[in-house]
Amino acid sequence: MVTIQADEISNIICDCIEQYNREVKIGNTGTILQVGDGIACIHGLDEVMAGELVEFEEGTICIALNVESTNVGVVLMGDGLLIQEGSSVKATRRIAQIPVSEAYLGRVINALAKPIDGLIDIDSVILIGHGQRELIIGDSQTGKTTVATDTILNQQGKNVICIYVAIGQKASSVAQVMTNFQERGAMEYTIVVAETTDSPATLQYLAPYTGAALAEYFMYRERHTSIIYDDHSKQDQAYRQIVGSATQIKAIKQVASKLKLELAQLAESEAFAQFASDLDKVTQNQLARGQHLCELLKQSQSAPFSGSKNRY
């Protein structure tokens with residue numbers, strides 16, 4: 001029978017006490033009050049910074065954009081289907097960032113720098129010098145994207161890193177650009193950042209910043225870079241969708257989406273009515289309702305309406 005001495009027990013206890021490390025972690029957390037339309041309202045997060053990354057319980061990452069005294073408005077970098085009101089959120093003390101390296105050359109990535117390689121008359125005679133910006137303006141289907149992609153093709157063998165940022169484009173259009181680059185050997189010096197039409201508005205908004213971060217990586221290493229945004233107006237639309245929704249009062253939120261759709265249908269119906277002599281009953285009703293909505297939205301000049309300050 002093994003005999004255990006009292007001093008041995010004391011030594012074991014002392015060793016355990018010496019090795020015990022009590023680490024206290026203080027976190028900046030909050031609770032989701034409301035979520036929808038790609039944004040969430042959070043109570044808490046008292047020390048969160050504007051632009052800081054915030055993480056939900058189920059792993060979705062978001063960005064704090066609207067920091068107020070009582071709540072924080074964040075935009076989701078994902079669909080957020082598993083996010084529920086009442087669940088907790090924690091701040092990460094990190095601003096939005098992506099990894100950068102030369103390994104991205106020849107790859108297609110999304111706004112979070114994750115590879116997605118499975119994706120499938122204009123005055124263009126102006127020479128663009130180093131440090132110069134050029135805005136390509138033209139009507140739809142006039143070849144703006146072709147001018148942009150030809151610029152990339154023209155950099156072959158000139159020691160220039162090219163970054164093509166596709167914002168809100170059709171997946172098929174991005175696939176065509178990719179095929180064009182691959183067939184002509186342009187992917188050897190090109191990075192493609194793509195957020196297509198079915199991507200969340202948050203990621204479409206972030207895509208240009210991802211492209212700029214990659215370009216800066218090469219620029220700071222004394223490499224010439226050329227970055228193309230195709231097109232920036234889609235980012236503007238995405239931005240209006242995620243901060244505009246955040247500032248809308250409840251009543252406006254409830255009718256805004258349906259109202260936009262009906263006004264869009266009105267524009268289509270009016271265009272169709274110009275070439276049709278005999279309109280069916282459904283089209284006539286759409287035209288009448290759209291015209292009534294337009295009249296309802298009219299207001300006198302210099303006579304704005306005030307909305308409720310309580311948005312939630």
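Residues numbered from 1 in each chain as written. Predicted model: local features only at pLDDT ≥ 70, side-chain atom pairs only at ≥ 80, totals over all residues. Heavy atoms only, no water.

Colleague: What is the right way to read the pairing of strand 3 (residues 52–56) from this model?
Modeller: In summary, the side chains of a regular strand alternate between the two faces of the sheet. Burial runs high along strand 3: four of the five residues are buried. For strand 3 and strand 6 (residues 88–95), the ladder comprises four bridges, and the chain directions are antiparallel. Of the residues in strand 6, the one forming a bridge with Phe56 is Val89. Strand direction decides the pairing type here: strand 3 and strand 4 (residues 61–67), joined by three bridges, are antiparallel. Bridging from a neighbouring strand, Leu53 pairs with Ile63 of strand 4. A loop of four residues connects strand 3 with strand 4, the two strands running antiparallel in sequence, and Gly59 in this loop sits at a positive phi of about 105 degrees. (Buried < 20%, exposed > 50% of the residue type's maximum accessible area, 1.4 Å probe, protein only. Helix = DSSP H or I, 4+ residues; strand = E, 2+ residues; numbered from the N terminus. Pairing = 2+ DSSP bridges.)

Colleague: Help me understand the packing of aromatic side chains in this model?
Modeller: Aromatic ring pairs are defined here through the distance separating the ring centres and the angle between the ring planes. Going through the model one piece at a time under the given rule, you end up with four aromatic pairs. When the ring of Tyr164 is compared with that of Phe181, the centres are 6.1 Å apart and the planes differ by 85 degrees; the resulting orientation is edge-to-face. Pair noted here: Tyr164 is in strand 8 (residues 160–169) and Phe181 is in helix 3 (residues 171–183), with a separation of 17 residues, a long-range link. Judged on exposure class, the residue Tyr164 and its partner Phe181 are both buried. Here the aromatic rings of Tyr205 and Tyr209 are separated by 5.5 Å at their centres, their planes lie at 70 degrees, and the arrangement is edge-to-face. Residue Tyr205 and its partner Tyr209 are both found in helix 4 (residues 201–219); the two are separated by four residues, about one turn of the helix. (Phe/Tyr/Trp six-rings, centres within 6.5 Å; stacked < 30°, edge-to-face > 60°.)

Colleague: Where do I start with the environment of Ala238 in this structure?
Modeller: You can see Ala238 is positioned in helix 5 (residues 232–247). Separated by 33 residues in sequence, Ala238 and Tyr205 place their C-alpha atoms 5.5 Å apart. Beyond its immediate chain neighbours, meaning those up to four positions away, Ala238 contacts Ala201, Gln204 and Tyr205. (Contact = heavy atoms within 4.5 Å.)

Colleague: Explain the sheet that holds strand 8 to me, please; I cannot follow it from the model alone.
Modeller: Within a sheet, adjacent strands bond to each other through the backbone by hydrogen bonds, running parallel or antiparallel. Pairing is parallel in the open sheet, where four strands are placed in the order 7-9-8-10. Edge strands, defined here as strands with exactly one partner in the open sheet, are strand 7 (108–109) and strand 10 (224–230). Pairing geometry for strand 8 and strand 10, over seven bridges, is parallel. The partner of Tyr164 across the bridge, within strand 10, is Ile228. Its contacts with the sheet put helix 4 on strand 7, strand 8, strand 9 (190–196) and strand 10, and the angle it makes with strand 8 is roughly 175 degrees. (Axes fitted to C-alpha atoms, helices over the stretch in contact; angles between N-to-C directions.)

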